Amino acid sequence: MEQAEAEYREKLEINRKKQAEKERLTQEISHGETEKLRLFAEKEKYTATEKEAAEVRLNLEKQHKALADRESDIRQRMENLESNGKKDGVSLKEAMDKQYRLLNKQNDLQSQSVQIRSRKEYLERAEKEYTNFSRTTKTIMDSRSLWGEHILGVVGELLHVPPKYTKAAEVALGNSVSYIVTDTSKAAGDIISWLKENNLGRTTFYPLESMKMGRNDKNERQAVHEKGICGIASDLFRYEETYRELMVSVLGRTLIAEDLEAAREVSGKYNYRLRLVTLDGQIVNPGGSMTGGSMKKRENTFFGRKQEIRELLKQEADNEKELSLCRTEKIKHDDFCAQLSEKVTREREEWQALKVQAAEVSGKKEGVSRAIETQRLTEVRSRKEIEAVEE
């Protein structure tokens, strides 16, 4: 009986132990399932985190690429602007140098115009006032309205002398250049009476009606063909047909020679019967005497002054034409400089604006780079966690 109880108790103990082991195993299984679920949940979480971090990183990398492309584009535009700016800067400097030269040229031409005009007005005033003529001649010409059209002018006014013969004409005419030409001898007599009554001096008159053409000696006509002889003065100077007899009378026996040597040779060949005047104003008189030396300044001679006035008129016209062209060119060039200057300014301003944009984009790109690195680290941690869970 006691043995049976002992066996029974032993069986109960065995059953209790089995039941306890079963319960333990059941708990362990339950705990394992719970742990498994927990680890699965953690793996899912880390996987989701890894996936999310990867997606974020990919989006950030796209942003980074877009920013890098934009920055590259900005940098390229800056390089192009810098290159163009340098070229335009050089062009602007050259254009401004030319602008300065045009301004100086314009100022010089304006100054020349003033000088030419001043000189011309001075000579015209001297011509109008009959400078270098006798006081008597000036008085008569200033009072010519008293005799109306009877006074035709002074001899010099009625002649047009080519530039080549200016000095020769001055010497060939001598004082007669200022002698007064009237239409009639009566008009000349009336003026002489007026001078006498008013004690105004005396001068010589050439009444056209009484002036008869002096005949050229055959020696003058032959001498015209000699070497170094330009011609007879009355043939070389121009005047209206009305004054032909007067001019031939005054100048018809004067030959114009190229130089003194030619005049001397021709004079000797014709036994010193000719009156010859050289282009530079030297005289070989009939009989062989010679008159010469330096001449008065051109402005102090009648024909020299006229010639200088003609030259100044041409210079004035040429200068005004050149000045007009210079002004037109300067206006166009000023506009070109202004446009080029505006272009250079715009390029500089655009370059500065791009520089600011480049800095902003670079800053954003660096921020995105840091964010990418952060997401990459998140992915690495998540992967490690997953691996740890899987182990």
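Reference entry: report on the structure contained in this document. (Residues numbered from 1 in each chain as written. Predicted model: local features only at pLDDT ≥ 70, side-chain atom pairs only at ≥ 80, totals over all residues. Heavy atoms only, no water.)

The mixed open sheet is built from 3 strands, whose spatial order is S1-S2-S3. Edge positions in the open sheet fall to strand S1 (151-154) and strand S3 (205-207), since each of these has one partner strand only. Here the average twist between neighbouring strands, direction ignored, is 25°. The sheet contact formed by strand S2 (residues 180-182) and S3 spans 3 bridges and is parallel. Looking across to S3, one finds that Val181 is bridged to Tyr206. In this fold helix H2 (residues 135-142) packs onto S1, S2 and S3, with an angle of close to 140° to the strand it touches most, S1. Strand contacts of helix H4 (residues 185-197): S1, S2 and S3, with the helix running at about 155° to S3, the strand carrying the most contacts. (Pairing = 2+ DSSP bridges. Helix = DSSP H or I, 4+ residues; strand = E, 2+ residues; numbered from the N terminus. Axes fitted to C-alpha atoms, helices over the stretch in contact; angles between N-to-C directions. Contact = heavy atoms within 4.5 Å.)

Inspection of the secondary structure assignment puts Asp318 in helix H9 (residues 302-390). For the pair Asp318 and Leu173, spaced 145 residues apart in sequence, the C-alpha separation works out to 33 Å.

This paragraph deals with a negative patch on the surface. A cluster of acidic residues, Glu258, Asp259, Glu261, Glu265 and Asp280, forms a negative patch at the surface. Among the structural elements, Glu261 can be located in helix H8 (residues 260-269). (Patch = residues over 30% accessible without salt bridge, like charges linked within 9 Å, V, L, I, M, F, W, Y side chains within 5 Å. Areas by Shrake-Rupley, 256 points an atom, 1.4 Å probe, with all protein chains shown as cover. Salt bridge = Lys/Arg side-chain N within 4 Å of Asp/Glu carboxyl O. Lys, Arg positive; Asp, Glu negative; His and termini not counted. Charge placed at Lys NZ, Arg CZ, Asp CG, Glu CD.)

Positioned with a positive phi, Asn199 is a non-glycine residue whose angle comes to about 50°. Looking at where Asn199 falls in the secondary structure, it is placed in the loop between H4 and S3. Of the residues examined, Asn199 reaches a relative accessible area of 67% and is grouped as exposed. Of note in the backbone geometry, Tyr272 takes a positive phi value of approximately 60° without being a glycine. Mapped onto the secondary structure, Tyr272 falls in the loop between H8 and strand S6 (275-278). Residue Tyr272 is classed as partly exposed on the basis of its relative accessible area, which comes to 42%. (Buried < 20%, exposed > 50% of the residue type's maximum accessible area, 1.4 Å probe, protein only.)

What follows concerns the packing of H2 against H4. Where H2 contacts H4, the axes come no closer than 12 Å and their chain directions differ by 115°. The handedness of the crossing between H2 and H4 comes out as right-handed. Between H2 and H4, the residues in contact are Thr136, Thr139 and Ile140 and Ile191, Trp194 and Leu195, respectively. When grouped by side-chain class, the residues that make up the contact of H2 with H4 number 4 nonpolar, 2 polar and no charged. (Left-handed = near helix turned anticlockwise from the far one by under 90°. Nonpolar A, V, L, I, M, F, W, Y, C, P; charged D, E, K, R; others polar.)

The next thing to look at is helix H3 (residues 166-173). H3 sits mainly inside the fold: 7 of its 8 residues count as buried. For H3, the complete set of buried residues consists of Thr166, Ala168, Ala169, Glu170, Val171, Ala172 and Leu173. Looking one or two residues past H3, Gly174 carries a phi angle of roughly 60°, positive in sign.

Another aspect to go through is the pattern of salt bridges. Here the structure, examined in full by the defined rule, presents 25 salt bridges. A salt bridge links Arg119 to Glu308, with the nearest nitrogen and oxygen atoms 2.8 Å apart. Highlighted residues: Arg119 in helix H1 (residues 2-128) and Glu308 in helix H9, separated in sequence by 189 residues. Here Lys186 ties to Asp190 by a salt bridge, and the two come within 3.1 Å at their closest N and O atoms. With Lys186 and Asp190 both in helix H4 and 4 residues apart, this pair spans about one turn of that helix. Judged by relative accessible area, which is 59%, Lys186 ranks as exposed. For Asp190, a relative accessible area of 34% puts it in the partly exposed group. Bridged by salt links that share partners, the residues Arg117, Lys120, Glu124, Glu316 and Glu320 form one connected network.

In the structure shown here, the tally under the stated rule is 0 disulfides. Distance from the sulfur of Cys326, which forms no disulfide, to the nearest cysteine sulfur (Cys337) is 13 Å. Judged by its relative accessible area of 2%, Cys326 falls in the buried class. (Disulfide = S-S within 2.5 Å.)

What characterises a pair of aromatic rings is the spacing of the ring centres plus the angle enclosed by the ring planes. The full count for this structure, using the stated rule, is 5 aromatic pairs. Relative to Trp194, the ring of Trp147 has its centre 4.8 Å away and its plane inclined at 75°; by these criteria the two rings are edge-to-face. In this pair, Trp147 sits in the loop between H2 and S1 while Trp194 sits in helix H4, placing the two residues 47 residues apart along the sequence. Note on Trp147: relative accessible area 12%, which makes it buried. Accessibility expressed as a relative area gives 19% for Trp194, which makes it buried. Taking the centre distance of 6.3 Å and the plane angle of 55° together, the rings of Tyr165 and Phe237 count as tilted. On the criterion of sequence distance, the pair formed by Tyr165 in the loop between S1 and H3 and Phe237 in the loop between helix H6 (233-236) and helix H7 (244-251) is long-range, its members being 72 residues apart. On the accessibility criterion, Tyr165 (11% relative accessible area) is buried. Looking at Phe237, the relative accessible area reads 3%, which means it is buried. (Phe/Tyr/Trp six-rings, centres within 6.5 Å; stacked < 30°, edge-to-face > 60°.)

With respect to the element layout, Ser72 can be found in helix H1. Here Ser72 falls in the partly exposed class, since its relative accessible area comes to 46%. In this structure the C-alpha to C-alpha distance between Ser72 and Val361, which are 289 residues apart in sequence, comes to 10.0 Å.

Any functional reading would require information that these geometric values do not contain.
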